[in-house]
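Listed below, chain by chain, are the residues.
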Amino acid sequence: QPRVFSGVQPTGNLHLGNYLGAIANFVPLQDEMPAIYCVVDLHAITAKHDADGLAGVTREVTAAYLAAGIDPAKAIIFNQSQVKEHAELAWIFNCVARMGWLNRMTQFKEKAGKNRENASVGLFAYPTLMAADILAYRATHVPVGDDQKQHLELTRDVAQKFNNDFAERIVELGLGVDNPNPNPELPDQLYFPLTEPIIAGPATRIMSLRDGTKKMSKSDPSDLSRINLKDTAEDIAKKIRKAKTDPEPLPSEMEGLKDRPEAENLVGIFAALSGLSREQVLADFAGQPFSVFKPALADLAVEKLAPITGEMNRLVADPGHIDAVLRDGAERAAAIAEPVLKDVRRICGFLECR
Ligand code: AQP
């Protein structure tokens, strides 16, 4: 049965990359299949976190989901720590995944930096918790930005190894479903689906406004590097004005953006916000300097983001409503994840004595 799952970490300033690369893509999917959107607060503590601020940021991400158009009557919205099955399944997956797989994860290498010995074990095991988030609902589709591609591949590897390691028990217990893509390397009956990433839309990787080779990121120390969903119109205009560019005018063809990462990024943001193709944007601004393009981009960004920011601010002012949405979502999520974990415990062979 198709089901979509995705999540965003409550780790600080939600930015344009989170919105265009992920949240905006969540919205149409809620009409296509059952959808679960999580605020992944267990992931947020894998790096040093502000315990006093965590609840507030969790509500802010929830407000962004709602403001973007996710409807809690259709999709399930909840925060991860409230459904204990995520942590339980993550432990089981820690025993399925191999150290070598996790050692290859580029996000761990980037986030741990040079001081790897000092990174938390949780940061290292981040991808197995992500696999658990998805597979606790046996989700088949996960919309994410391009940076999460490798983690989704690991999720498939975990599902595949679990299905293989326990193939006989899955059949004996009658818990499998027919493999939709029969393959000699896979058992005929699977318990976990091999989840498909959805890395789609015009903005799967928005880059920093200060460095076109680095991804726009919540954790970048420079606030000028990103457009936050909470920024005012003045903030947005200032950040775009100060965005790094090169001295050349905009080209008329995509070829002319080669080796100009900052220019390419701004054109990509314009295209994503306007719904035009990059080629159309270049056709409209061919030969124009950034002194013309940047104000047009700032106006467009304000026009598109101001309604979302306004709605987020309105929602955050009513924490009772947000908490009620999350509480209801956690109950609905647990009702799906509990039976999955019951199956998984039986498949693993744990003695059930209570
Ligand atoms: N720059 C980006 N462009 C497109 N999509 C992006 N995403 C993140 N940055 C970009 C997508 O947003 C979703 C939620 O991301 P996350 O909360 O899991 O955080 P992250 O991927 O680790 O990136 P951030 O937002 O920059 O946070 P920090 O600084 O804490 O690492 C994901 O679908 C992600 O692909």
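Rules used throughout
Positions within a chain are numbered from 1, following the residues in the order the chain's sequence is written. Local features in this predicted model are restricted to residues of pLDDT 70 or higher, and side-chain atom pairs are both shown and tallied only at a pLDDT of 80 or more, whereas totals for entire chains, interfaces and linings draw on every residue. Just so you know, side-chain values use all the structure's heavy atoms and leave hydrogens and water out. Think of a 1 Å grid over just the protein atoms. A cavity is a set of points where a 1.4 Å probe fits yet cannot get out, a pocket is an open set with protein on both sides within 12 Å along at least five of seven lines, and lining residues have an atom within 4 Å of a point. Grid points are joined across faces, edges and corners, and a volume is the space filled by probe spheres set on the points. Helix and strand definitions here come from DSSP, where helices need a minimum of 4 consecutive H or I residues and strands a minimum of 2 consecutive E residues; each element is numbered from the N-terminal end. Asp, Glu, Lys and Arg are counted as charged, while Ala, Val, Leu, Ile, Met, Phe, Trp, Tyr, Cys and Pro are counted as nonpolar; the rest, among them Gly, fall into the polar class. Definition of nearness: a residue and a molecule or strand are near each other if at least one heavy atom of the residue lies within 4 Å of the molecule or strand. We define a polar contact as two N or O atoms separated by no more than 3.5 Å, with the added condition that, inside protein, one atom must be a possible hydrogen donor and the other a possible acceptor, whereas residues neighbouring each other in sequence contribute only through side-chain atom pairs. Accessible surface area values rest on a Shrake-Rupley calculation with a 1.4 Å probe, where residue burial reflects the displayed protein chains alone.

Caption draft 1: Seen up close, empty space enclosed by the protein. Tallied over the entire structure, the rule returns two cavities of 30 Å³ or more. Of the volumes computed, that of the largest cavity is approximately 50 Å³. Lining the largest cavity we find Met105, Gln107, Phe108, Lys111, Leu123, Tyr126, Pro127 and His151. For the lining of the largest cavity, the elements supplying multiple residues, two or more each, are helix H5 (106-112) and helix H7 (126-135). Per-element accounting of the lining of the largest cavity gives the leading share, three residues, to H5. Within the lining of the largest cavity, the residues separate by chemical class into five nonpolar, two polar and one charged. Considering only enclosed or pocket space, the second largest cavity measures out at about 40 Å³ in volume. Taken together, Asn13, Leu14, Glu60, Asn228, Leu229, Lys230 and Met312 form the lining of the second largest cavity. For the lining of the second largest cavity, the class distribution of residues is three nonpolar, two polar and two charged.

Caption draft 2: Examining the site of the ligand more closely. In the neighbourhood of the ligand, 24 residues make up the surrounding shell, with Lys111, Asp147, Ser217, Lys218 and Ser219 lying closest. In the model, a nitrogen atom of the ligand is placed 3.1 Å from a nitrogen or oxygen of the glycine 17 main chain. In this structure, serine 219 approaches the ligand through a side-chain N or O atom, which is 2.6 Å from an oxygen atom. Coverage of the ligand by the protein chains reaches 96% of its 630 Å² of free accessible surface.

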